[in-house]
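Understanding the architecture of this molecule
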Amino acid sequence: MRLEYPASVKIIHVPCSGKVDVLHLLRAIQKGADGAYIVGCLEGSCHFNEGNYRAKERVQYVSSLLEEVGIEGDRVRMYNLTSGEGPTFAAYAKEMTDHIRALGPNPIKSKVKS
Amino acid sequence: MIVAKRKPFDELKEMIKPYKKVLNVGCGTCVSVCLAGGEKEVAVLNAELDMARKLDDNPIELGAVTLERQCDQEYLAELDDMIGDYDAVVSMACGVGIQFLAERFPEKPVFPGVDTTGLAVNQDVGFYEERCRSCGACVLGMTGGICPVTMCAKGLYNGPCGGTNKGKCEISQDQPCAWFQIHERLSKQGRLDLIMGYKEPVEWLDQVPRMTIQPGYKKPEEEKA
Ligand code: SF4
Ligand code: SF4
């Protein structure tokens, strides 16, 4: 199955969405990424029981941290699907990209060089 | 353990607004365990501060280090060589550690990164409940192991008061009456006679910082004598 998803999405593989830490998401935005999202397994079907719930909590936490800082919290998101759902993966990638395009560039980016 | 929570971001940001180079010092013991001021929380706060200051066009340079403990000069000594590079310090230790750090470097402005909230037990990941106010005159032996100073809204050593109401405290229906619980537990243990024991009031008047010297130890200045 060859599926197309937006080229602007950079994928980082992790063994479980529960591996993604608050700092990974925060640093992505700090370093100028326009958005960051986690794609985890469906709720209730984590091999490690609650990895994806932890991931969801972390996304919510990072979102609140960004709001504190003055950046749209919605630049970080969580999506869930099963491993067989390639088309859904591509659809989420497009949805996230469209959403971030609508928000515009990360406001940090114009300041990072300065 | 000693429990603390991160200070509100805006308050922290405001405190260090005038400083351009700030060292953020975490503590590797109590506040690490309660997820408030360890290595990770230092990194999170620094990332936030870095972004916020960039957005304000007032960039800041942040250092990060986490000591084993800040309530011990032996570990604070690790800062001696680096402190000179910074205009100010944020300490994410409990109130005790923050003060000891400030005492070691009296010329440096030191700011608290957390609000210290008490001596608490770990009820679940990230969930802590206060159990002791370190009153210095423990009565747990008479109260079935339930602290009335902490758990009773009035901190009564000799309770209950007249407000006890079917197991609840008069301040709220959500608040159990500590002395009711003490009564229940002592009664289950067949030790209800203990509730009649009278505990002298604690001398809260003219409080000075308490000192603890364990048996066999002396203050450093008395050591030589
Ligand atoms: S009586 Fe309560 S506050 Fe006092 S030392 Fe014992 S547990 Fe702590
Ligand atoms: S009702 Fe119970 S807990 Fe409340 S103040 Fe009185 S003795 Fe304390």
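Before reading further, recall that the structure is shown in the block above.
Heads up: these notes are all about the structure in this document. (Residues numbered from 1 in each chain as written. Chains lettered and ligands numbered in written order. Predicted model: local features only at pLDDT ≥ 70, side-chain atom pairs only at ≥ 80, totals over all residues. Heavy atoms only, no water.)

Some remarks on the overall build of chain A
The secondary structure content of chain A amounts to 4 helices and 2 strands. Secondary structure elements in chain A, listed N-terminal to C-terminal, are α-β-α-β-α-α. Computed over the C-alpha atoms, the radius of gyration of chain A is 14 Å, within 12% of the 13 Å expected from 2.2 N^0.38 for a compact globule of 114 residues. In terms of overall dimensions, chain A has a C-alpha envelope of 45 × 30 × 20 Å along the principal axes. For chain A, contacts bridging at least 24 residues in sequence account for 68% of all contacts bridging at least 6. (Helix = DSSP H or I, 4+ residues; strand = E, 2+ residues; numbered from the N terminus. Rg over C-alpha atoms; globule rule 2.2 N^0.38 Å. Contact = heavy atoms within 4.5 Å.)

Some points on the interface of chain B and chain A
The partner chain A presents 17 residues to the 14 residues of chain B that form the contact. Together, the buried faces of chain B and chain A total about 1,400 Å²; carbon and sulfur atoms form 69% of this surface. Of all residues in chain B, Met51, Lys54 and Leu55 of chain B bury the most surface against chain A, accounting for 41% of the area lost on that side. Summed over the shared surface of chain B and chain A, the result is 3 salt bridges. Asp21 of chain A serves as the salt-bridge partner of Lys40 of chain B, at 3.2 Å between the closest nitrogen and oxygen. In this structure, the connection of chain B to chain A is made through 3 residue pairs in polar contact (both at pLDDT 80 or more). Looking at the side of chain B that touches chain A, the elements that each hand over two or more residues are helix H1 (9-15) and helix H3 (39-55) of chain B. With 10 residues, the top contributor of residues to the side of chain B that touches chain A is H3 of chain B. Looking at the side of chain B that touches chain A residue by residue, the class counts come to 7 nonpolar, no polar and 7 charged. (Buried area = accessible area lost by both parts, 1.4 Å probe. Salt bridge = Lys/Arg side-chain N within 4 Å of Asp/Glu carboxyl O. Polar contact = N/O pair within 3.5 Å; in protein donor to acceptor, adjacent residues only side chain to side chain. Nonpolar A, V, L, I, M, F, W, Y, C, P; charged D, E, K, R; others polar.)

Looking at the side chain of Thr143 of chain B
All names here are of chain B. Within the secondary structure, Thr143 is located in the loop between strand S7 (127-132) and helix H6 (148-151). Given the relative accessible area of 2%, Thr143 is considered buried. Of the polar contacts made by the side chain of Thr143, one reaches the backbone oxygen of Ile146; its length is 2.8 Å. Beyond its immediate stretch of four places on either side in the chain, Thr143 contacts Pro148, Trp179, Ile182 and Leu186. (Buried < 20%, exposed > 50% of the residue type's maximum accessible area, 1.4 Å probe, protein only.)

Worth remembering: the numbers are spatial, not functional.
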